[in-house]
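Descriptive structure summary
Residues per chain are reported as follows:
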Amino acid sequence: MKMENQSVETDFVLSGLFHDGQMDTFLFVAIVILFSVALMGNIILVLLIHLDTRLHTPMYFLLSQLSFIDMMYISTTVPKMTTNFLTNSKIITFLGCEIQAFVFLTLGGTEALLLGFMSCDRYVAICHPLHYPVLMNKKNCWFMVTCAWTSSSINALVHALYVFQLPFCRSRIVNHFFCEVPSLLPLVCLDTSQYEHTILLSGPIILLLPFMAILASYACVLTVVFQMSSGKGQTKAVSPCSSHLTVASLFYMTTLSTYTRLHSFHFPEQDKAMAVFYTIITPLLNPVQPEE
């Protein structure tokens, strides 16, 4: 009995999206529908790219990697959240919380970097088409993907190991629907201001630099596109770029809003609303972007 009590004391409690119980049924149905559509959309896209040899190009290779990440990304948070709705048990174990935070940071960082690499693919394809086969060959594509996964994994591991060795001596109630590092810091009884500055440093590197690269590459793309004499060619080139830029902007702006502020400037309800965009909405929108 004593061991059980000690185990419970080390667990965390996720407050969820809303505190009002009347919202549970509607929210549960909405999230399940969005989750199912996003998951099926990304699975179908990965299968189509794998089965159709005409889609074995650098652009679609990167897109398949993005869809694979999105499948894992949305599956990291939504199943646990929907289970909490059904069971009314909002407890997550200490180890489960640590694993969720690590996987989420890894996938989020990889997606942020991969979106930047995808914009480079479009830049080379439109601005330097003659060099495209050399610059975007299979070896370079795998190198970009490997760099994204490796750097994000290392970054996530460092943050997860550090945060979860801190003493959580306050309430174990996490005011969020999943274990995210910024939402855990208010539970620590030590001064975390110095550590938060490392988040403010790593956040811009993982998030802001790729976003700036996207903006710069698309500025060059638009310059080239509007010099085209063919209106049809302009439309064909701008359509996928504008779609990719819209989804990328949604992802980067919401994540930057969360990871570039000290926890004293965080508002839980605002953080949860922002998190919905980069955990559910973005994986839902990525598969429907026009690519040609």
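Residues numbered from 1 in each chain as written. Predicted model: local features only at pLDDT ≥ 70, side-chain atom pairs only at ≥ 80, totals over all residues. Heavy atoms only, no water.

Before going further, it helps to examine the confidence of the model for the protein chain. Atomic detail in the predicted coordinates should be set aside for any region of low pLDDT. Confidence in the prediction for the protein chain averages 85 pLDDT; 89% of positions are at 70 or higher. When pLDDT is averaged over each helix and strand of the protein chain, the minimum, 46, is found for helix H1 (residues 2–10) and the maximum, 94, for helix H6 (residues 138–163). Below pLDDT 50 for its whole length, residues 1–8 participates in 0 contacts with residues either more than four positions away or in separate chains. (pLDDT = per-residue confidence, 0-100. Helix = DSSP H or I, 4+ residues; strand = E, 2+ residues; numbered from the N terminus. Contact = heavy atoms within 4.5 Å.)

Right, let's get into the state of the cysteines. This model, assessed by the stated rule, comprises 2 disulfides. Residue pairing for Cys97: its cysteine sulfur links by disulfide to Cys179, the two sulfurs lying 2.0 Å apart. Negative torsions about the S-S bond denote left-handed disulfides, and the value of about -120° found for Cys97 with Cys179 makes this one left-handed. Note that Cys97 is positioned in helix H4 (residues 94–127) and Cys179 in the loop between strand S3 (173–174) and helix H7 (181–184), a separation of 82 residues in sequence. (Disulfide = S-S within 2.5 Å.)

Glancing now at empty space enclosed by the protein. The full count for this structure, using the stated rule, is 3 cavities of 30 Å³ or more. A volume near 230 Å³ is recorded for the largest cavity. As for the largest cavity, its lining consists of 18 residues, of which Leu105, Asn155, Ile206, Leu207 and Tyr259 are closest to the centre. At the level of elements, H4, H6, helix H8 (193–225) and helix H9 (231–259) are the ones that each hand at least two residues to the lining of the largest cavity. For the lining of the largest cavity, the element with the most residues is H8, which contributes 6 residues. Residues belonging to the lining of the largest cavity are distributed by class as follows: 11 nonpolar, 7 polar and no charged. Considered as a void within the structure, the second largest cavity measures approximately 60 Å³ in volume. (1 Å grid on protein atoms, 1.4 Å probe; cavity = no way out; pocket = protein on both sides within 12 Å on 5 of 7 lines; lining within 4 Å. Points joined across faces, edges and corners; volume = space filled by probe spheres on them. Nonpolar A, V, L, I, M, F, W, Y, C, P; charged D, E, K, R; others polar.)

With that settled, the discussion passes to the pattern of salt bridges. Enumeration over the complete set of coordinates arrives at 3 salt bridges. Of the charged contacts in the structure, one is a salt bridge between Asp271 and Arg261, with a shortest N-O distance of 2.9 Å. With Asp271 in helix H10 (residues 268–285) and Arg261 in the loop between H9 and H10, the pair connects residues that are 10 residues apart, well separated along the chain. Among the ionic pairs, Lys272 bridges to Glu269, the shortest N-O distance being 3.3 Å. Taken as a pair, Lys272 and Glu269 lie in helix H10 at a separation of 3 residues, close to a single helical turn. Judged by its relative accessible area of 1%, Lys272 falls in the buried class. Residue classification places Glu269 among the partly exposed residues on the basis of a relative accessible area of 42%. (Salt bridge = Lys/Arg side-chain N within 4 Å of Asp/Glu carboxyl O. Buried < 20%, exposed > 50% of the residue type's maximum accessible area, 1.4 Å probe, protein only.)

Let's shift gears to a nonpolar patch on the surface. Taken together, the side chains of Val29, Ile33 and Val37 present a nonpolar region at the surface, about 250 Å² in accessible area. Here Ile33 is to be found in helix H2 (residues 24–51). (Patch = residues over 30% accessible without salt bridge, like charges linked within 9 Å, V, L, I, M, F, W, Y side chains within 5 Å. Areas by Shrake-Rupley, 256 points an atom, 1.4 Å probe, with all protein chains shown as cover.)

Attention shifts here to the layout of surface pockets. Its volume calculated, the second largest pocket comes out at about 320 Å³. Forming the walls of the second largest pocket are 13 residues, and the residues nearest its centre are Ile49, His56, Thr57, Phe61 and Ser64. Those elements that place two or more of their residues in the lining of the second largest pocket are H2, helix H3 (58–87) and H6. Classifying every residue of the lining of the second largest pocket gives 7 nonpolar, 5 polar and 1 charged.

Pairing is mixed in the open sheet, where 3 strands are placed in the order S2-S1-S3. At either end of the open sheet lies a strand with only one pairing partner, and these are strand S2 (91–92) and S3. Looking at chain direction, strand S1 (residues 12–14) and S2 are connected through 2 bridges and run antiparallel. Within the sheet, the bridge partner assigned to Phe12 lies in S2 and is Ile92. (Pairing = 2+ DSSP bridges.)

Bringing the UniProt feature "transmembrane region" (unreviewed entry) in the protein chain into the picture now. Taken from the UniProt record, the annotation "transmembrane region" (unreviewed entry) applies to residues 26–48, 60–79, 99–120, 141–164 and 205–226. Here residues 60–79 runs as 100% helix and 0% strand, with 28 Å between its end C-alpha atoms. Here residues 205–226 is 95% helix and 0% strand, with 31 Å between the C-alpha atoms at its ends. (UniProt positions renumbered as here; feature names shortened; annotations may be inferred.)

Inspection of every chain in the model, using the stated rule, returns 13 aromatic pairs. Judged by centre distance (5.1 Å) and plane angle (25°), the rings of Phe211 and Tyr252 are stacked. With Phe211 in helix H8 and Tyr252 in helix H9, the pair connects residues that are 41 residues apart, well separated along the chain. By the ring-pair criterion, three or more aromatic residues cluster together here, those being Tyr73, Phe104, Phe177, Phe178 and Tyr278. Between Arg172 and the ring centre of Phe12, over which it is positioned, the NZ or CZ distance is 5.0 Å. (Phe/Tyr/Trp six-rings, centres within 6.5 Å; stacked < 30°, edge-to-face > 60°. Lys NZ or Arg CZ within 6 Å of the ring centre and 35° of its normal.)

Our next topic: the side chain of Gln100. By the secondary structure assignment, Gln100 is in helix H4. In this structure Gln100 touches Thr76, Thr77, Lys80, Ile92, Phe178 and Cys179, once residues within four positions along its chain are discounted.

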